[in-house]
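Fold and geometry: a report
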Amino acid sequence: MEHQDLPAGRALVTRRALEVIVALLALAFGVSIILGALEYHVGWGERGPEPGYFPFWMGMIVVIGSIGALFQAVLSPRFADAPTAITADQARRITAFLMPMLGFLVVALLFKMGLYVGMLAYMLTVMLWQGRYRLPATLAFSFGTVIFFYFVFERWLHVPLLKGPLEAWLGLH
Amino acid sequence: MDNFNDLMHGFQVALTGYHIMLMVAGVLFGILVGVLPGLGAPNGVTLLIPLTFSMDPVSAIILLASMYWGALFGGSTTSILFNIPGEPSSVATTFDGHPMAKQGRATEALSYAFLSAAFGALFGVVVITLLAGPAATFAHKFSSPEYFAVYFLAFCCFVGLGGASPFKTLVSAGMGFSLAAVGMDTISGSLRLTYGLPELVKGVSFLVAVIGLFGIGELIATMEDRLEFRGVRARVSPRDVFKTMAALPSYWVALIRSSLVGCWMGITPGGPTAASFMSYGLARRFSPRADNFGKGEPEGVISPEAADHSAGTSAMLPMLALGIPGSATAAVMMGGLMIWGLHPGPMLFVDQKSFVWGLIASMYVANVVAVLIVLFTVPLFAAILRIPFAIIAPLIVVVCFVGAWTVSSSPFDLWLAFVFGLIGYLFKKTDYPIAPLVLAMVIGDKAEDAFRQSMIIHSGSLGAFWSNWLCGTLMTLALVLLFWPLLSRLVPHRSKAIAGDAPRARE
């Protein structure tokens, strides 16, 4: 958004490379939609289009669009000297942001610990490791957040969030 | 006069203590969402929808709509004070709003922004009030082919007028329609595109997609650069507000022009973001003080703000009358309507009179409420941005995931939200438009049904779409717009004038 503020880090991905990557991902998406649609008839039945017809052509639209975008990415001079899409610094910051987030999901869903434990682990990690806050402040804030969410969702809104063995042990079901 | 009576009835619905309380709550939550980078209007509405399931539809829509107005105001606040647009549609406000704030005219800039935004919003509501009835009557003539034609036209508008690469718009819309087709087919009952995954049988919820695309995707993009909020402090004193109010009428040309641009872009699915850029571009072209633009010119604040808000409000018109949302946020709201069991479209005006007019009346009241609230709470909300991002960002992440969970209590949705977040980030980096994807996910089933029913009525002939003048005109217009990027190359001079402004303004 603000080009003048971009850090002058080493280029990791050029704009053109990123355009090509995204176009190829879109192409793969389109092809998988077409393959999925082909499980059903994709032509015209006695009473108009068969179930596979609409997804098939929507997949085709994605394929056509992504091939067009791919050609534009490779041929258009606009991307030749475009500013770097992602610098090494930015990639490091994004990874540092995404990893704890992924950890949140792994703890909450794969380890089946529930959302409350997941968010607690997540907040603790981020505040200690990235925010470099002191332990007392981190503990107070993280536990405060979890308790706040518990009261808002379970007690006030009556929307139960995913819970795990810890809540069962505490008798909070 | 019918409209007037309906509107009066609507005011009776809107002006109850409970609904005014909902408006205040909605506006406050909206400003918060608008101020925080990474949380925007579409996302805020999405997060609230699962909580409205047990509410009366009128109350629910009043809450959601008020949140939308609040978010629009919140977005402009951070644009002016911090040079950080809280919403994509308030990017254009930073060009002159922030320079004004740096010159010590923050109060003036904020007052101009809020008051012209309110003008634009009220202009949009008046347009809705006048056009809603006739538009619905007109839409009563629609049958399946016409509906499909209108849906088709909406997407061709994105391709022809959207400003993004036409190929990228196609990818985005096609992805949305494909995702909408996942799960049970409404006509044949077959399970489509599930790839053997039981989680996909219930389909991919657009709410989860919005949380990922707009919430997490936006956050990743924000985290890319080390964020420092170096803002300008502001306290809005009533005297300054009145002074600005007195000066505002002298900008009447800009106000009316911008509101018209906004209405046009809101009713056609151009959306508030395109409207604010276009309006800024037009203002710079025609203003006698064109040289002052970018250096702190009030007209450069007034124009995008009025257009942004009039587009935001008038986007509700096609949603109510035709069932086609004019912006991403309106698309999410329309999805909410469908979840509450309402059928957006002309029948709403017959079956759900007090819903429609209650909403329209609430738009008058809520916008006035929003201006008052925002004027006096600016210092409070600006202070939120002084909280370190290392605390705010994880909180927003938690809110997004909890929101994704509340949609249907499915763990799979959380993974989906994460994947959509990555897609949203990549799309943002490479200028793929996200709005067509969301719109397609919301109206996908309706568009497919309309298409298949037209085919059934007309025994499989595409001639169905040219069987009468109304449908034929819509389809032809849609095709012209679809191939507009190609056609405009043959006639290079005219379209450059406006298109040339937007990208430059974006720098």
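Residues numbered from 1 in each chain as written. Chains lettered and ligands numbered in written order. Predicted model: local features only at pLDDT ≥ 70, side-chain atom pairs only at ≥ 80, totals over all residues.

Some details on the overall build of chain A
Scanning chain A from N- to C-terminus turns up 6 helices and 4 strands. Secondary structure elements in chain A, listed N-terminal to C-terminal, are β-α-β-β-α-β-α-α-α-α. Dimensions of chain A, computed from C-alpha atoms along their principal axes, come out at roughly 60 × 55 × 25 Å. The buried share among the 173 residues of chain A stands at 34%. Taking the intrachain contacts of chain A between residues at least 6 apart in sequence as the baseline, contacts between residues at least 24 apart amount to 61%. (Helix = DSSP H or I, 4+ residues; strand = E, 2+ residues; numbered from the N terminus. Buried ≥ 20, exposed ≤ 12 C-beta atoms within 10 Å, placed from the backbone. Contact = placed C-beta atoms within 7 Å.)

A short note on the overall build of chain B
Within chain B, the regular secondary structure consists of 23 helices and 2 strands. C-alpha atoms of chain B, sized along the principal axes, occupy 70 × 50 × 50 Å. When the 507 residues of chain B are sorted by exposure, 63% land in the buried category. Contacts in chain B between residues far apart in sequence, at least 24 positions, make up 79% of those at least 6 positions apart.

Regarding helix α4 (residues 115-130) of chain A
Along its 16 residues, α4 of chain A runs 21 Å from first to last C-alpha, staying within 8% of the 22 Å computed at 1.5 Å per residue. Among all positions of α4 of chain A, only L115, Y116, V117, G118, M119, L120, Y122, M123, T125, V126 and M127 of chain A are buried. Of the surrounding elements, those touching the buried residues of α4 of chain A are α3 (88-110), α5 (135-156) and α6 (165-170) of chain A together with α17 (389-408) of chain B. Directly after α4 of chain A, the chain includes R132 of chain A, whose backbone phi takes a positive value near 50°. (Expected span 1.5 Å × (residues − 1).)

Re helix α1 (residues 15-37) of chain A
Across its 23 residues, α1 of chain A extends 33 Å between first and last C-alpha, which sits within 8% of the 33 Å expected from 1.5 Å per residue. Burial in α1 of chain A covers these residues: R15, L18, E19, V22, A23, A26, F29, G30, I33, I34, G36 and A37 of chain A. Tucked into the core, α1 of chain A has its buried residues touching β1 (11-13), α2 (53-75) and β4 (86-87) of chain A together with α7 (166-181) and α18 (411-429) of chain B.

Brief notes about the interface of chain B and chain A
In this assembly, 46 residues from chain B lie in contact with 55 residues from chain A. Put simply, the parts of the chain that give the side of chain B that touches chain A at least two residues each are α7, α8 (206-223), α17, α18 and α19 (435-457) of chain B. A total of 10 residues in the side of chain B that touches chain A trace back to one element, the largest contributor, which is α17 of chain B. Taken together, the residues of the side of chain B that touches chain A sort by class into 29 nonpolar, 8 polar and 9 charged. (Nonpolar A, V, L, I, M, F, W, Y, C, P; charged D, E, K, R; others polar.)

Comments concerning the domain arrangement of chain A
In terms of domains, chain A is made up of domain 1 (3-84) and domain 2 (90-170). Computed from C-alpha atoms alone, the centre-to-centre distance between domain 1 of chain A and domain 2 of chain A is 35 Å. (Domains from an automatic or database assignment.)

Regarding unusual backbone geometry
Residues other than glycine seldom take positive phi values, yet K112 of chain A does so here, at roughly 55°. Residue class for K112 of chain A comes out partly exposed when judged on the 13 C-beta atoms lying within 10 Å of it. One non-glycine residue, D431 of chain B, adopts positive backbone phi at about 60°. Within the secondary structure layout, D431 of chain B lies in the loop between α18 and α19.

Description of the nonpolar core
Ranked by size, the top nonpolar core spans 226 residues in total, and within it Y151, A417 and V438 of chain B carry the most contacts. Per element, the largest residue contribution to this core is 23 residues, and it comes from helix α5 (residues 91-139) of chain B. Two domains each donate at least three residues to this core, and these are domain 1 (3-84) and domain 2 (90-170) of chain A. When near neighbours in sequence (up to four residues on either side) are disregarded, V438 of chain B contacts P42, G176, F206, A209, V210, A328, A331 and V332 of chain B. (Core = buried A, V, L, I, M, F, W, Y, C linked by C-beta atoms within 7 Å.)

Brief notes about the packing of α1 of chain A against α2 of chain A
Residue and element names in this part refer to chain A. Look at α1 against α2: their axes get within 8 Å of each other, and the N-to-C directions meet at 160°. Considering the angle they form, α1 stands roughly antiparallel to α2. As for the relative orientation of α1 and α2, their crossing is left-handed in sense. Considering only residue class, the contact of α1 with α2 consists of 20 nonpolar, 4 polar and 2 charged. (Axes fitted to C-alpha atoms, helices over the stretch in contact; angles between N-to-C directions. Parallel < 35°, antiparallel > 145°, perpendicular 65-115°, else oblique. Left-handed = near helix turned anticlockwise from the far one by under 90°.)

Examining the environment of W466 of chain B
Residues and elements named next belong to chain B. As for its placement among the helices and strands, W466 is situated in the loop between α19 and α20 (469-482). With 10 residues separating them in the primary sequence, W466 and T476 have C-alpha atoms 8.6 Å apart. If sequence neighbours within four positions are ignored, W466 has contacts with C471, G472 and M475.

As for the environment of L122 of chain B
All names here are of chain B. Relative to the helices and strands, L122 resides in helix α5. On the neighbour-count criterion, L122 (19 C-beta atoms within 10 Å) is partly exposed. When the C-alpha atoms of L122 and T313 are compared, they prove to be 8.1 Å apart, with 191 residues separating the residues in sequence.

Quick word on the environment of H343 of chain B
By the secondary structure assignment, H343 of chain B is in the loop between α14 (328-339) and α15 (348-351). For the pair H343 of chain B and T244 of chain B, spaced 99 residues apart in sequence, the C-alpha separation works out to 43 Å.

Here's the deal with the confidence of the model for chain B
Residue and element names in this part refer to chain B. A residue-level look at chain B finds 94% of positions with pLDDT of 70 or above and a mean pLDDT of 85. Every residue in residues 493-507 is under pLDDT 50, and counting partners more than four places away or in other chains gives 16 contacts. For this predicted complex, the interface confidence comes out at an ipTM of 0.91, alongside a pTM of 0.86. (pLDDT = per-residue confidence, 0-100.)

A word on the confidence of the model for chain A
The predicted model of chain A averages 86 in pLDDT, with 93% of residues at 70 or higher. Here residues 1-7 of chain A scores under 50 on pLDDT; set against residues more than four positions off or in separate chains, the count is 7 contacts.

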